[in-house]
Structures are given as C-alpha cells and as structure tokens.
Amino acid sequence: MTVHTIRTGPRNRGAVAVAAADGAAAAEGLRRHGQIVLVLQGGGALGAYQLGVYEALHAAGVEPDWIIGTSIGAINAALIAGNAPEDRLSKLCEFWRRVEHGPHYRALTWLAPFAAAASNWLTVTHGIPAFFQPNPGAFLGAHVPLGAEQAGYYSTQPLLATLSDLVDFERINDGSTRLTVGAANVRTGEMTYFDSRERPLGPRHIAASGALPPAFPAVRIDGELYWDGGILSNTPVEAVFDDMPRRNSLVFAVHIWNPGGPEPDTIWEVMNRQKDIQYASRAASHIARQKQMHKLRHIIAELSKALPADVAARPEIRDMSAYGCLTRMHVVRLLAPSLDGEDHTKDIDFSPAGIRSRRDAGRRDAEAMLGMAPWEGEFDPMEGFILHEVKQGVEVSAG
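Counting of residues starts from 1 at the beginning of each chain's written sequence and follows it residue by residue. Whole-chain, interface and lining totals are the exception, using all residues; otherwise, since this is a predicted model, local features are given only for residues with pLDDT of at least 70 and side-chain atom pairs are given and counted only at 80 or more. As a rule here, side-chain values cover all heavy atoms of the structure and leave hydrogens and water aside.

Further remarks concern the pairing of strand 2 (residues 35–40). Burial analysis of strand 2 places six of its six residues in the buried class, the great majority of the element. Relative accessibility thresholds used throughout: buried, under 20% of the residue-type maximum; exposed, over 50%; partly exposed, between the two (1.4 Å probe, protein chains only). The way it works is that DSSP assigns letters per residue, a run of H or I at least four long becomes a helix, a run of E at least two long becomes a strand, and they are numbered from the N terminus. Along strand 2, one buried face is formed by Q35, V37 and V39 and the opposite face, lined by I36, L38 and L40, is buried too. Any two strands with at least two DSSP-identified bridges between them are counted as paired. Judged from the six bridges that link them, strand 2 and strand 10 (residues 249–255) form a sheet pairing that is parallel. Within strand 10, the residue paired with Q35 across the bridge is S249. Pairing between strand 2 and strand 3 (residues 66–69): four bridges, direction parallel. From the neighbouring strand, V37 faces strand 3, where its bridge partner is W66. For the segment spanning strand 2, helix 3 (residues 48–59) and strand 3, crossover handedness is right-handed. Handedness of a crossover: with both strands directed away from the viewer, a clockwise path from the first strand across the helix to the second marks it as right-handed.

What follows is the structure, encoded as structure tokens:
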C-alpha cells in the first residue's frame, strides 16, 4: 500500500490554486484511472467540509460517476446526483444556507464567549427549520408509546420538504449519476444500501440514511424500518470494493471524524474522543483488509495466467480463477481538521462561522490533492489498492 501525505498550508496554496484551476487537464487525468467515486461520511454539521471538497472538484471540472453516502453524506450526495452539473454547487450552497442558524443566532452574537453554546442551545431547543423540528410528544416521557415512525425527539418532515425542493429524483433515477445511500435495518441489524442502479430512490431513502436514533425516528420503506447507516458503517466505502462487476476506480473518500487524537483529560473531552472513534468506522482496519484482498485478487489472476491450457480449462480451476481480478483502486482520503475549540457537540454546530470554516477547509484540502495528483505515477503492479491521504499542516479556526 502506497501512502502519499500532502501537507496543506500557506506555502503551497498559491501553486495549488493554479494547478486546480486547470480543470480540463485535471479531469482528463483522473478519467484515465477509471470511474470517479465520491464517498461521504455522516456527521451532521461536519458535512460542510464535504461541500468544500465538492466545490474544489467542481471547479476543476471533476464530476463523480458514483456517489455513496450515509446521513449528512447521503443528503450531500443526493444534492449532487440530483442536479445537473452546472446546478450542483448552487443547490448544495442553498441547502447549507437553509440549515445554518439565522436571525435567532445573530441576535445572540453579542454573547461572543458563549457563541458555540448559544448555537448548540438553538439547535437542541428549536431544531433546524429546513432539517428537523422538535417532536412535542417525545417530551412527554421516554415510555410514551409514540409509534415506531414517531419515536424520536425530532421530526424530519422538514428535511423531506427540503429534499423535494432541491433534488430532482427523476434525474437520480434515470441513471446519469449513480447514487447509493446506506441505512441500518432496525429489525435485522443489517446494513442496507439503497442504490439507484437497483431501485428508484426518493426523499424517504435519504431521510432513512440520516435517521439517527434517538434524535430522529426510523423511516419505513417497503414495510421495513431503517435508521441511520452510520450505526453500522459511517464510511460506506466498502460498497465500492464489493461492487460487481469490479471496475478500476479513483475513489475520493471524505472523512469528517478523526480516527486519531490526543488522550482526553476531562469527561467533556472523553465524550468528544468517543464520538470521533465511534463514527470514524475503523478506517485503518478497513484499509488493511482491502489492501490484502486486492493483492490476493491480483496474485490469483497472475497465477491463473501461468497455468497450462488443459489445467486452466478444468471447471473447478475456472471457478477458482474467477476470484482473480486485476482492477486497481486509487483511494484518496481527505480528513477534515479539528476546529479550534470544538467539542462533542460539533456535529450540531450549524453556526455560519462553523459551516464557513469547514467548507473552507474542505476546499483547501481537495485543491491540494488535485494540485499534487498523487495517483499519477508508477506503482507496484501487484498492488490493487493504493491509498493517498491529505493531512493538514495548519489549524483551522471557527472564528
């Protein structure tokens, strides 16, 4: 596995911006490596980082063939897949404008030292008008029978209306850009991927992918109840690796939870670190597993080519040889930085400053990766899985 680490910072921003601006060259270079896949983690307000990443890709003329997401990643994915390329960025920006705190938050900005707490308080007490709203029945008590589709502290009916307004689901279902969103089956505890290649998708499939309990109630689809896919796999990149037939791919995996971090000293810090670890989805072990599997597929394919013709023709040998595969996956992992002073409530930080800072970080990191184009080069022909990473060289402040 080859890992390229790119440190972004003031010294290389100018050169990166010039390189990323050459959109035609960037897009042509990427296409040579197969289908372009965009994989988006779940994480509430942290999803603004994904907006910045797509902004840089869009500016470079790079549009994904397939988008996979869970929770807020599923929402961002639907906004991209469900609009014409020329309208995608404006629709994404409109969604994030609608979900940021408005007049109530601005009225509290004079409480500067407590701005973050004020933002979170507004989210908890008032919800986000274009996203979710308090469910009055839920506050009658935890044992009140609300029904499976209402058992949550908030209602996501506003999200369904927002999606219907900003996303063209007919466009998604015509197959021009493949969309896959992950959800957890409440009854079986198994991961389900709703895939536009397999079935028509609508707003409820997206809402199901983001139905994180106990805040949001489960969503029923075809008789089954579904919760947020992040419960089982918040980084659904395995959907690419397990897809059949396999294809050469350049995969942009956008991570918004930090798998690594310092030892926590307080309970407050413990809650933040616990959340990061939980939703980072064992990224390192997934990468190691995929590296091993792809190398084994390459080995099988090479060994099969060396077999005598009469041996290779035997039915049982053909079956074994079918496990071989020479496809190559370049996986580009972009990891959102921690903002100065953030804590375990960061995923409900819908303040304008927080959204702006995360968007800026995503754009800067994606520009850096596009500028360096580390997938261009010579690699071990036996390696079917090659990892490229962005690591930040500067801290980002929410202001």
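Turning to the pairing of strand 10, a few remarks are in order. In terms of burial, strand 10 is largely enclosed, as seven of its seven residues are buried. Across the two faces of strand 10 the burial is the same, with S249, V251, A253 and H255 and L250, F252 and V254 all buried. As paired elements, strand 10 and strand 11 (residues 329–335) share seven bridges and run parallel to each other. Residue pairing for strand 11: L250 is matched across the bridge by H330.

Locating S71 in the fold gives a position in the loop between strand 3 and helix 4 (72–81). When sequence neighbours within four positions are dropped, the list of residues in contact with S71 reads G42, S209, G210 and D228. Whether two residues are in contact is decided by their heavy atoms, any of which lying within 4.5 Å being enough.

What is expected of a backbone is that most residues other than glycine have negative phi and most peptide bonds are trans. At the junction of P213 and P214, the peptide bond is cis and its omega measures out at 0° in the coordinates. Along the chain, M244 connects to P245 via a cis peptide bond; the corresponding omega equals -5°. Locating P245 in the fold gives a position in the loop between helix 11 (238–241) and strand 10. Non-glycine residue S71 carries a positive phi angle of around 55°. Even without being glycine, A373 reaches a positive phi, approximately 45°. Tracing the chain through its elements places A373 in the loop between helix 16 (352–372) and strand 12 (385–392).

Turning our attention to the confidence of the model for the protein chain. Per-residue confidence for the protein chain gives a mean pLDDT of 86, with 86% of residues at or over 70. A residue's pLDDT is simply how confident the predictor is in it, with values from 0 to 100. No element of the protein chain has a lower mean pLDDT than helix 1 (residues 13–21), which averages 43, and none a higher one than helix 4, which averages 98. Here residues 10–21 is a poorly scored stretch, pLDDT under 50, and it has 10 contacts once near neighbours within four places are set aside; other chains count. Taken as a whole, residues 393–399 scores under 50 in pLDDT and shows 22 contacts with residues more than four places along the chain or in a different chain.

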